[in-house]
Amino acid sequence: MRSMLFALSVVGAAVALAPLAAADPAGDSAVKVQAVYGVEQFPIAGVTADVTPCTGGPAAGTITTGRDGSATFIGGSGCYRVQVATPTGCSLDGDAAQQVSTVPGIIPVATFRFRCA
């Protein structure tokens, strides 16, 4: 009886995970950048961020936040350094750069908090 339940649970898990694997192409990973200000964390549009590999070299991409204060970089799996430019009239609470690691299916978020006049 136990072996039957175990076999059914393995088959059920494989069936449940199959659509997820098909929906995420192999090798595609993403980094989300979020720019906010104030205690309420209002979104800031127009913040640019350079995304470079942690190993150095040229930027893999430059993204700009939209009306919701976020932008997403699509690239391969690995380690990335995200560096933002501070918008005019604002100061950054914290470092201008964050390091994130990406894997398919998991989108890390680099959140940058600003103080704006």
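In every chain, residue numbers begin from 1 and rise along the written sequence. Totals for whole chains, interfaces and linings use every residue, but because this is a predicted model, local features are given only for residues with pLDDT of at least 70 and side-chain atom pairs only at 80 or more, for both listing and counting. By convention in this description, side-chain values take in all heavy atoms of the structure and omit both hydrogens and water.

K.L.:
Could you give me a rundown of the side chain of S70, with the residues and numbers involved?
P.N.:
Secondary-structure assignment places S70 in strand 5 (residues 70-75). Burial classification: accessible surface area is computed with a 1.4 Å probe over protein chains only, and a residue below 20% of its type maximum counts as buried, one above 50% as exposed, and the rest as partly exposed. Exposure remark for S70: the relative accessible area of 13% places this residue in the buried category. Ignoring any residue separated from it by four or fewer positions in sequence, one finds S70 in contact with K32, V33, Q34, T64 and T65. Every helix listed is a DSSP run of H or I at least four residues long, and every strand listed is a run of E at least two residues long, numbered separately from the N terminus. Residues are treated as being in contact if the distance between any of their heavy atoms lies within 4.5 Å.

K.L.:
Provide a residue-level description of the state of the cysteines, including the pertinent values.
P.N.:
The criterion for a disulfide is a pair of cysteine sulfur atoms lying within 2.5 Å. Within this structure, the stated rule accounts for two disulfides. There is a disulfide in this structure between C54 and C79, and the S-S distance comes to 1.9 Å. Disulfide C54-C79: the torsion about the S-S bond is -65°, which places it as left-handed. In this pair, C54 sits in the loop between strand 3 (48-53) and strand 4 (61-64) while C79 sits in strand 6 (residues 78-84), placing the two residues 25 residues apart along the sequence. Residue classification places C79 among the partly exposed positions, given a relative accessible area of 26%. C90 shares a disulfide with C116; S-S distance 2.0 Å. Here the disulfide of C90 and C116 is right-handed, its torsion about the S-S bond being about 105°. One end of the pair, C90, is in strand 7 (residues 90-93); the other, C116, is in strand 9 (residues 109-116), with 26 residues separating them in the sequence.

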